[in-house]
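# Working through the structure, step by step
Each chain, written out:
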Amino acid sequence: MPTTTSGFFLQCASRGTLELVLPAPFGDTPFGVEHHRREEASGPWRHVATFASGLGPVEAVSLIQSNFGDPGHLEAVARIGDRLAAFWCAPSSEPSWSEPRFFAEGAAGDPALIQGGFGGKGNFELVVPHARGGIAHYHRDNDTAELGWRGPVIFGEGLGRFEAVAMIQRVAGAPHGPDAPGDLEVVARIGDRLVMFRRSPGSGAAWHGPEEVVSGVRGAPALVRSTIGGPGTLELFSPLARVGLARWSRDDGARGARFRGPTVFATDLGRCEAVSVIESWPLGRIELAVRAEGRLVHATRDGALWSQRAIVGNASPSPADVPSPATLPPPATTTNRPPAATTSRPPAATTNRPPAATTSRPPAATASRPPPSMSSPPPAPLPTGASPRLRAGPHRAGFRRIGALSLSADACYPDTWPFQGAIYRCPARSAALLYYPASADGEEAPLSSGGPFPVIAIAHERRLATSAATVGSPAGLAQDYRQLAGVMAHLARWGFVVVAPDLSWLTPDDAPLRRAAVLRDALTHLRAGSRGPLLADFARVGLLGHGLGAQAALALALDAACPFDVRALALLAPAGAPERALPIDALAPRPALVVRGTADPIAAAVPAALYDRARAPKHLVTLPGANHFGYTTSLGLAEPLDGHAGLSRREQQAIAMGYLAAFFNGYLRDARGDLDALSGKASLEGLEAREIPVSAEVPDGAAGS
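Summarised in this report is the structure supplied together with it. (Residues numbered from 1 in each chain as written. Predicted model: local features only at pLDDT ≥ 70, side-chain atom pairs only at ≥ 80, totals over all residues. Heavy atoms only, no water.)

### Considerations on empty space enclosed by the protein
Unfilled space is identified by rolling a water-sized probe across the atoms. Summed over all chains, the structure comprises five cavities of 30 Å³ or more. What lines the largest cavity is a set of 20 residues, among which Gly-7, Phe-8, Asp-110, Pro-111 and Ala-220 lie closest to the centre. Its residues assigned to classes, the lining of the largest cavity comprises 15 nonpolar, three polar and two charged. (1 Å grid on protein atoms, 1.4 Å probe; cavity = no way out; pocket = protein on both sides within 12 Å on 5 of 7 lines; lining within 4 Å. Points joined across faces, edges and corners; volume = space filled by probe spheres on them. Nonpolar A, V, L, I, M, F, W, Y, C, P; charged D, E, K, R; others polar.)

### A few points about the sheet that holds strand S4 (residues 46-51)
What the four strands build is an open sheet, ordered S1-S2-S3-S4; its pairing is antiparallel. The outermost strands of the open sheet, each flanked by one partner alone, are strand S1 (9-11) and S4. Between one strand axis and the next, the sheet turns through 20° on average, direction left out of account. In this structure, strand S3 (residues 33-38) lies alongside S4, joined through five bridges in antiparallel fashion. Looking across to S4, one finds that His-35 is bridged to Ala-49. (Pairing = 2+ DSSP bridges. Helix = DSSP H or I, 4+ residues; strand = E, 2+ residues; numbered from the N terminus. Axes fitted to C-alpha atoms, helices over the stretch in contact; angles between N-to-C directions.)

### Observations regarding the environment of Pro-95
Position of Pro-95 relative to the elements: it lies in the loop between strand S7 (83-89) and strand S8 (101-104). Taking relative accessible area as the criterion, Pro-95 reaches 9% and is therefore assigned buried. Spatially, the C-alpha atom of Pro-95 lies 9.4 Å from that of Leu-74, the residues being 21 residues apart in sequence. (Buried < 20%, exposed > 50% of the residue type's maximum accessible area, 1.4 Å probe, protein only.)

### What about the nonpolar core?
Nonpolar side chains in soluble globular proteins generally cluster together in the buried interior. Formed by 54 residues in total, the largest nonpolar core has its most connected members in Val-497, Leu-523 and Leu-543. Of all hydrophobic cores here, the second largest spans 51 residues; its members include Ala-500, Ala-570, Phe-663 and Ile-692. (Core = buried A, V, L, I, M, F, W, Y, C linked by side-chain atoms within 4.5 Å.)

### Side note on helix H6 (residues 649-668)
With 20 residues, H6 should reach 28 Å at 1.5 Å per residue; the first-to-last C-alpha distance of 28 Å fits that figure. A large share of H6 lies buried, amounting to 18 of its 20 residues. Once H6 finishes, Asp-670 follows within two positions and takes phi at roughly 60°, a positive value. (Expected span 1.5 Å × (residues − 1).)

### Regarding the packing of helix H2 (residues 512-528) against helix H4 (residues 548-558)
Relative orientation of the contacting elements H2 and H4 amounts to 70°, with a least axis distance of 8 Å. Classified by the interaxial angle, the pair formed by H2 and H4 is roughly perpendicular. For the pair H2 and H4, the crossing hand works out as right-handed. When H2 is examined against H4, the residues Pro-512, Leu-513, Arg-515, Ala-516, Leu-519, Arg-520 and Leu-523 are found in contact with a partner set consisting of Leu-548, Gln-551, Ala-552, Ala-553, Ala-555 and Leu-556. For the contact of H2 with H4, the class distribution of residues is ten nonpolar, one polar and two charged. (Parallel < 35°, antiparallel > 145°, perpendicular 65-115°, else oblique. Left-handed = near helix turned anticlockwise from the far one by under 90°. Contact = heavy atoms within 4.5 Å.)

### Some points on the sheet that holds strand S12 (residues 149-155)
Read across the open sheet, the four strands follow the order S9-S10-S11-S12; overall the sheet is antiparallel. Strands at the two margins of the open sheet, each flanked by one partner only, are strand S9 (112-115) and S12. Pairwise comparison of adjacent strand axes, ignoring direction, gives a mean angle of 20° for this sheet. In terms of strand pairing, strand S11 (residues 135-140) meets S12 through five bridges, oriented antiparallel. Bridging from a neighbouring strand, Ile-135 pairs with Phe-155 of S12.

Structure follows, in structure tokens:
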């Protein structure tokens, strides 16, 4: 049976042996291509041949088994410099590979070869990144005597230069009828992104795409159609940008299906360069060949369990030599700064010590083990009145702007909406800001390893008139979704994906349900987008609302029809009429956090009222001297629109960031030790010299109890 999946690893259809080819030197040969084989499931890998050694360094190679000969020949295409050469051999016990047949120039990156279903014999199909940009497609007409290669057809050239590709042919008939060959599908890496192209395999058919798949990857990806979980499951594997591998899966029954995942694994292998995958028989087991740090690792999956089977080439380093996400040194920070972001380490600004804390019904202490990133001993106490220096998380903060957020019907006005002499209307597309854990700070920074991460959606405070701003205050009154960029960046550094949609086109007194619908639309957009499954774990969703946005966050958390599993709710200076507040008591047993300031005239009575009505588990943090808009990085309000703060803006933001990160760490990651600071049992690290009033009710047996 000819190979319809590209890679450098396969199982011989007639012999059952595992075969792989690798650019030298994985053994003692300095140049050429090494052919390794494993005859038995419990036996060792052995080097059976080296070919193309006289051609100099081989950059990459792809391997298939064709339907030529009996049993089918092994066929390989190797890239030497920018040239492509084809080789073949019979899969005998001591294989003898042919001389090279060069057929193309201008290649770059890792090629992908298959034998497709078009033509009587089945053409060879090959795609490879092109040196001048885009992807080159060649095919060999196997129904002709000369077996000549034709092409290239270049596609995707407008995107720039690609580094690696993987190709597969869909099952016969998909999607063109029972007798038609299946589409060709290509996943290609450009930078840290994977995009997909597809083409009907007929003569002259055009390539369609790109469709973004995921980001945060590196190296060469692999595709396989497996029977795991039912027939027609397409599985995608790729090295991650820092360490380890990730797997995504897609129902291959119809066009339009999206990849789900990822599952992250093999982080002990360090930085991986390439992966190739098969589904072996007779056990129907997924098997991988992974190039990682100068060695080739063979791994298998039985059910959900991955195990390392063998190593080809250099010996595996000891566990102490293998980097992990927790031990990798942080990369250098870029100079590309996010919009209106703020540091979580403010300078000293105040010497006033708040009054002593009062703690209401603190729960009994429990033995808890914080995550490794939180397990370092607390620093020495700060001098009285010192500014808080709350520790940043283990990641950096990447961000991206979302400019085409689709709005659902229940988020939109039926037409126009008059309010206080102004006319409000729905935009054709809304906007949002996304922050995520990254390996460097900045826009579109590479994703950090260790995902997917818990996701938090933020509903911001209402839009205000420009005349309300103080002289020299932060700019951006017309970009409300950036209001909490500093808080978003801090949460991203602690390993959360944070999205904030623009709610400024809604009237200030609008019912919270419409705002909640926009918040839900932002989560839906993120989950449906190509990067969403890599970034965010939608089984661990938290909501955060500030001011009027707090009512929207509460409304979405209480919506029984919400398609997301909202597990924690934080309300930052919640505003509105207390008598119109939604029944927060119905949130239980999910936890709630309420943060209020003593200098906040806008949310004077609402926070305490909401906390009183809420059921355990619940937490109330009172920030002495905090006003209403001091949490924001793009709003500075003139009195009397806001109270006179006893804290600098940076202090107020830093303290709020610390409690918010502890709350979401505690309830979205089950980091029970983080909840001590929210239950009156411990000081938040960096606030040992301050007394912050904290109240809590946590039932016995609950997280943090």
